[in-house]
Amino acid sequence: MSAPPPGIYVPIPTFFAARSSAAYNPTTPPVDRETQAAHALYLARAGIKGLVVLGSTGEAVHIHPRDRKALLAGLRAALDKEGFPDYPLVAGTATNSVEETIEQLRDAKEAGAQWGMVLVPGYNAPVTPQDGIVAWFRAVADQSPIPILVYHYPGVSNMVKVTPATFATLSQHPNIVGCKLSHGDVSQLTQIASNPDIDADKFRVFTGLGQQLLPVVSVGCGGAIDGSAGFFPKSLVRLFNLSVQTTLSDAERQERRLLQYRVSCMEEIVVRYGIPGIKEAISRLRGFGDADGTRLPLAGGLPGGDAEWAKWKGVMDDMESLENALSNNYL
């Protein structure tokens, strides 16, 4: 039961039918599987290591359970057809129920996902003890047919706490093979990624924040699961590859520093606007989906529309010039 390989993963958005589509429904627009597959293939061809499907960016909580398996299976079929067999797919879950989480993981395996990424249950966060979190994840991992990662995103799970000691305990379970940390606490990440009692080859630590990539790789982080890699994939892959190198030329060292600076500046649109910011960028820069293509209660796209997007033009142009300068052979 191996951990996902190190590298850059994209928590892909779920694409819904465009407003111009006959299938469009303003309340619950159906999943657009054709666009979903096209975006996935674009990322695979750009050097992205794997995809996280139905995570927070994927609006998993806005999607009916009946659509989950079909979405995953469609991606697996598209990737296999285009020459990406066994391409890493990580299926997200975001329930508080042990039974429902296991059910979703079983469906994910049948659809072709190799790993699950399980959100820490936070509904009762203020009164949830650490040993309760350990017991919950052990119960899930004991019955999951695929290895799982612990997904710690306090911002979407009622600010639930998971201590480094809890991660150290969970890392000993053979079916718990890593974590994604979507918070800005580098000290907490360091206490997990650098812990000598945690085998980094069996328990892979990923940051959810590309703006931290270079610093956290230095303390043992195995990569990033980063939303901005959905529209600047080559730049994030290049930054990771430079970050893990121990011997660099002066030119490469300068390139790495500039890349991290540009990525950190660009990622502010994700920090500020979350999923609407990501979908706006993917639509405007790469042509996938509507710029305001979210499901309720998210609505309206980027606040301020064209006027707000114009404020980001300089940052995006700087990133686009870096992205365009990279070839797949240079990553």
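Our structure is the block above this text.
Residues numbered from 1 in each chain as written. Predicted model: local features only at pLDDT ≥ 70, side-chain atom pairs only at ≥ 80, totals over all residues. Heavy atoms only, no water.

## Here we look at the nonpolar core
Stage number 1. If you look at the biggest cluster of nonpolar residues, it comprises 83 residues, and the most contacted ones within it are I8, I48, L51, V53, F137 and V205.
Stage number 2. Filtering out sequence-adjacent residues up to four positions away, V205 remains in contact with C179, L181, L189, I192, A193, C221, G222 and G223.
Stage number 3. The next biggest cluster of nonpolar side chains, apart from the first, holds 12 residues, and it includes Y9, V52, M117 and F206. (Core = buried A, V, L, I, M, F, W, Y, C linked by side-chain atoms within 4.5 Å. Buried < 20%, exposed > 50% of the residue type's maximum accessible area, 1.4 Å probe, protein only. Contact = heavy atoms within 4.5 Å.)

## Description of the pattern of salt bridges
Stage number 1. On inspection of all chains with the given rule, the structure shows 13 salt bridges.
Stage number 2. R45 is the partner of E82 in a salt bridge, and the nearest nitrogen-oxygen pair spans 3.2 Å. Residue E82 is located in the loop between α2 (65-81) and β3 (89-93), and its partner R45 is located in helix α1 (residues 33-45); the two are separated by 37 residues in the primary sequence.
Stage number 3. Classification of E82 as partly exposed rests on a relative accessible area of 37%.
Stage number 4. With a relative accessible area of 43%, R45 lands in the partly exposed category.
Stage number 5. Among the ionic pairs, E110 bridges to K69, the shortest N-O distance being 2.3 Å. Highlighted residues: E110 in helix α3 (residues 98-111) and K69 in helix α2, separated in sequence by 41 residues.
Stage number 6. By relative accessible area, which is 57% here, E110 ends up exposed.
Stage number 7. The exposure class of K69 is partly exposed, given its relative accessible area of 32%.
Stage number 8. Connected via shared salt-bridge partners are E280, R284 and D306. (Salt bridge = Lys/Arg side-chain N within 4 Å of Asp/Glu carboxyl O. Helix = DSSP H or I, 4+ residues; strand = E, 2+ residues; numbered from the N terminus.)

## Quick word on the layout of surface pockets
Stage number 1. Quantified by volume, the largest pocket comes out at close to 740 Å³.
Stage number 2. In terms of lining, the largest pocket is formed by 43 residues, of which the most central are S56, T57, Y151, Y153 and V156.
Stage number 3. With 6 residues, helix α10 (residues 268-286) is the single largest residue contributor to the lining of the largest pocket.
Stage number 4. Split by residue class, the lining of the largest pocket holds 21 nonpolar, 18 polar and 4 charged.
Stage number 5. What the second largest pocket holds in volume is close to 160 Å³.
Stage number 6. In terms of lining residues, the second largest pocket is bounded by 12 residues, among which S171, Q172, H173, P174 and K202 are the most central.
Stage number 7. A per-class count over the lining of the second largest pocket returns 6 nonpolar, 3 polar and 3 charged. (1 Å grid on protein atoms, 1.4 Å probe; cavity = no way out; pocket = protein on both sides within 12 Å on 5 of 7 lines; lining within 4 Å. Points joined across faces, edges and corners; volume = space filled by probe spheres on them. Nonpolar A, V, L, I, M, F, W, Y, C, P; charged D, E, K, R; others polar.)

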